[in-house]
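Geometric and topological summary
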Amino acid sequence: MKPARIAMTARSPGRWLGALSFQQQLSLAVVLGVLCTTLLASVASAWQASRLTRLNLMQQGLRVTASLAQQSRLALLTSTAENAGEAVRTTLAFPDVLRVEVYLADGRLLVAKGPAVPTAAPAQEASPEQREDPYLLDEGSDTWRFAADVWFMADNTSPYDVTEIKSERMGQVQVVLSKATLTQTRTNIFMVNVLSSLVIAVLFLGLMRLVSARLTRPLNDLSRAMRRAEQGEVDVRTEPRGPSDLQHMSQAFNQMMAALQERGEELQRHRDHLEELVRDRTIELQHAKERAEVASQAKTDFLARMSHELRTPLNAIMGYAQIMQMDRSLNSRQQHILRTIYDSGDHLLKLIVDILDLSRIEAGKTELAPVACQLTRLVAMLDDVLRIKAAEKRLTFLVLSDDNVPAHVMVDEGRLRQVLLNLLGNALKFTAQGQVLLKVRVVAASSPADTARLRFEVDDTGPGIAPSDQARIFEPFEQAGDSRSRSAGTGLGLAISRSLVRLMGGELQLVSREGRGSCFWFELDLPVCGSGPVAVPAASRPGHITGYAGPRRRILIADDVLANRQVLIAMLQPLGFDTVEAIHGQEALDQVKAVAPDLVLMDLTMPVLDGLQAMKRLREDPATRALPIIAITANASTQHREEAQGAGASDFISKPFDCNDLLTKMGRLLDLNWVTTAPQETGLQHSLP
């Protein structure tokens, strides 16, 4: 409320002036101009008169002081105060003289009359040169203090004298003069000037009102005609009169109203047929909208089904590749084959995810989920993930973050990570030598103060992008360069990244020159917060898992696809887990009652009873309400994740899943102490996060 109130107060003078008529505003301008001129003239006149009066009063003070010095010689010669009495009284009788003081040559006060006034001490010794004229000794805010030295002059000099007889300083007199006359004169002059100027201003204002009335009468007539036209009248006309420019305005208004009347009649003729045209067009648009919605829903359903169908076999392929990788007896050729299988499956998974992301963005179903993100942890994760890829191509990978970058900001961390991984992945893919650089810095503090504008830059020393391709590469399924320079991929990464950056309030930009590399950058205004997730130091992460300490745990695997169950069994049994299988939700409920598992791995899409209904029933039963359940599904959308959490899932994993990700979640839910060994450098085996 306070900013709105301040803004209203700031606009009040403008509203007040807008409510005045032209004549009133003209009168106000004249009054203000005359008043300002009056004040300036009065001040200037008073200053000039004050300067002349001051000069006259100071000269008078000097003459009075000189006279007192002449009359005080006898008193100073005899050092008798009575001899100076008449001279002091005569001096005090002068106008504005407040005080008189007579000092001996040694600085002792001989006579002082009048009220005490602060002053500097008189001279104690004679000056080297004889000073006969009076002078201004001190000046205060209300008084002047004049002084004159009194000298004894030798008049009986003779040319026969051997030594020169010098004048002798007998003492000093001081006269204090009041500035009352100066102040009164200045005030009188100022008031006289102000009053005379005001009288002239009043007369001038009266004359201006007579002139403005003649000018504003045609304007008022024109204003009334415009108000009638505003209310809908089209046959309004005005009579041209007054000055020539006002007559031209009236004629232009009449011509405008005539044109409007003619166009209004023409519009009325078309309006009779407009409703029918609009109704027909609305029906067409409604049918087109319904067809588009049906097509969009069909596209979404098709992509969702295809995603599920593609993820299911990928889960087996990538799962078995990870299981076989756990065999430490494999030779380098076998490890290379497994790495190729896993990388190919991972590439296919990324293509599926990109296509689904683009579909959701085009359908307007992508929503951001801002959380407290620790930028240092995000940057460290990117460094860990991409440094190995850079080392394989013998590239230098650098991550630079300014010291003033906020520790925590509110942002959709997953979407920001996706954009940066896309940009960095492209840079590493197309750069053959040199380096790839990620920079994060603060551009400027935003408003409000708890918001920072951050700039993210990805620089590379790759081949660069031709100007003709720089706009095209942001389109879906487009890549720069010829067919030989293009790498594998669908060309969706940049299109998705640009759309996500726009959703976050920024714009993805490109600066590139052929042969000199490229720079992709964007800026985001992000709220600064005081807390966020705590990063786990890389040094403390475990290596290859071989088992766990403590009693054996029983895991129930509920999935209608045999290959999926076999992958999980082959992954968990070598680590010391007992496994139990169920092919649908109802069998999973029966197995829970029969064997009492320690944890359930529940697929969501199963016959008879799906995973969501099975989890709800387990949560409704007090005996199984606290049973850990991890939902595993090939439907990886946010909607399916929320549905699983709403049904009671303790955690959520999408297929195909990473072995270490699954074990991490199981270890947290079962509070396991893993037994690990140092990981092999195979390219497939990853450390637990």
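These notes cover the structure that comes with them. Keep in mind it's a predicted model, so treat the numbers as computed, not measured. Every chain's residues receive numbers from 1 upward, in the order its sequence appears when written. Reporting of local features is limited, given that this is a predicted model, to residues whose pLDDT is at least 70; pairs of side-chain atoms are given and counted only at 80 or more, and all residues count toward the totals for whole chains, interfaces and linings. With hydrogens and water excluded, all non-hydrogen atoms of the structure serve as input to the side-chain values.

1. Regarding the sheet that holds strand 17 (residues 629-633)
Rules: We treat two strands as partners when DSSP finds at least two bridges between them. Going along the chain from the N terminus, every DSSP run of H or I of four or more residues is numbered as a helix, and every run of E of two or more is numbered as a strand. Angles run from 0 to 180 degrees between N-to-C directions of axes, and those axes are lines fitted to C-alpha atoms, restricted for helices to the stretch in contact.
With parallel pairing, 5 strands are arranged side by side in an open sheet as 15-14-16-17-18. The strands lining the two open edges of the sheet, one partner per strand, are strand 15 (578-582) and strand 18 (651-654). Direction aside, neighbouring strands of the sheet carry axes that sit 20 degrees apart on average. Relative to strand 18, strand 17 runs parallel, the two sharing 4 bridges. Pairing of Ile630 across the sheet is with Asp651, part of strand 18.

2. Quick look at unusual backbone geometry
The condition is simple: Type-normalised accessible area, obtained with a 1.4 Å probe on protein chains alone, sets the label of each residue: buried when under 20%, exposed when over 50%, and partly exposed for intermediate values.
For Arg394, which is not glycine, the phi dihedral falls at a positive 60 degrees. Positionally, Arg394 belongs in the loop between helix 8 (375-392) and strand 7 (396-401). Relative accessible area serves as the criterion here: at 77%, Arg394 is assigned to the exposed category. Not every positive phi belongs to a glycine, and Ala596 is a case in point at roughly 50 degrees. Inspection of the secondary structure puts Ala596 in the loop between helix 12 (585-595) and strand 16 (599-603). Looking at Ala596, the relative accessible area reads 51%, which means it is exposed.

3. Here's the deal with a nonpolar patch on the surface
Rules: Patch definition: residues above 30% relative accessible area lacking any salt bridge, with like charges linked at up to 9 Å and the nonpolar side chains Val, Leu, Ile, Met, Phe, Trp and Tyr linked at up to 5 Å. For the accessible areas, the method is Shrake-Rupley and the probe is 1.4 Å, while residue cover comes only from the protein chains on display. By salt bridge we mean one thing: a side-chain nitrogen of Lys or Arg within 4 Å of a carboxyl oxygen of Asp or Glu.
Taken together, Leu32, Leu35, Leu195 and Leu198 make up a surface patch of nonpolar side chains, about 330 Å² in accessible area. For the nonpolar patch, the elements supplying multiple residues, two or more each, are helix 2 (22-71) and helix 5 (180-230). Examined against the element boundaries, Leu35 turns out to sit in helix 2.

4. Quick notes on the pattern of salt bridges
The final tally for this structure, using the stated rule, is 24 salt bridges. Between Arg281 and Glu284 there is a salt bridge, with the nearest N and O atoms lying 3.1 Å from each other. Here the residue Arg281 and the residue Glu284 both occupy positions in helix 6 (residues 244-325), the gap between them amounting to 3 residues, near one helical turn. The partly exposed category is assigned to Arg281, whose relative accessible area is 49%. With a closest N to O distance of 4.0 Å, Asp661 and Lys665 form a salt bridge. In this pair, Asp661 and Lys665 both sit in helix 15 (residues 659-670), 4 residues apart, roughly one turn of the helix. Given a relative accessible area of 28%, Asp661 falls into the partly exposed group. In this structure Lys665 comes out as buried when scored by relative accessible area, which is 16%. Salt bridges sharing partners connect three or more residues here, namely Lys439, Arg441, Arg453, Arg455, Glu457, Asp459, Glu523 and Asp525.

5. Details of the packing of helix 13 (residues 611-620) against helix 14 (residues 638-647)
We apply this condition: By definition in this entry, angles of less than 35 degrees are roughly parallel, angles greater than 145 are roughly antiparallel, angles of 65 to 115 are roughly perpendicular, and the rest are oblique. Contact definition: two residues touch when any of their heavy atoms are within 4.5 Å.
Interhelical geometry of helix 13 versus helix 14 gives an angle of 25 degrees and a closest axis separation of 8 Å. It follows from the interaxial angle that helix 13 and helix 14 lie roughly parallel. Between helix 13 and helix 14, the residues in contact are Leu612, Met615, Lys616 and Arg619 and Glu643, Ala644 and Ala647, respectively.

6. Observations regarding the packing of aromatic side chains
The criterion, for reference: What counts as a ring pair is set by centres within 6.5 Å for rings of Phe, Tyr and Trp (its six-membered ring), and what kind of pair is set by the plane angle: stacked under 30 degrees, edge-to-face over 60, tilted for all other angles. Note on criteria: charge over ring means Lys NZ or Arg CZ within 6 Å of the ring centre, with the direction from the centre no more than 35 degrees off the ring normal.
In this structure the tally under the stated criterion is 4 aromatic pairs. Consider the rings of Phe456 and Phe522, whose centres lie 5.2 Å apart with planes at 20 degrees: the pair is stacked. Here the residue Phe456 occupies a position in strand 10 (residues 451-460), and Phe522 occupies one in strand 12 (residues 518-527), the gap between them amounting to 66 residues. With a relative accessible area of 2%, Phe456 lands in the buried category. Pairing Phe577 with Trp674 gives two aromatic rings, centres 6.3 Å apart and planes at 65 degrees, and the pair type is edge-to-face. Here the residue Phe577 occupies a position in the loop between helix 11 (562-572) and strand 15, and Trp674 occupies one in strand 19 (residues 673-677), the gap between them amounting to 97 residues. A residue is classified by how much of its surface remains accessible, and Phe577, at 1% relative accessible area, is buried. One aromatic cluster in this structure is built from Tyr548, Phe577 and Trp674. Here the basic side chain of Arg455 rests over the ring of Trp521, its NZ or CZ set 3.8 Å away from the ring centre.

Without other data, these values stay purely geometric and don't point to any function.
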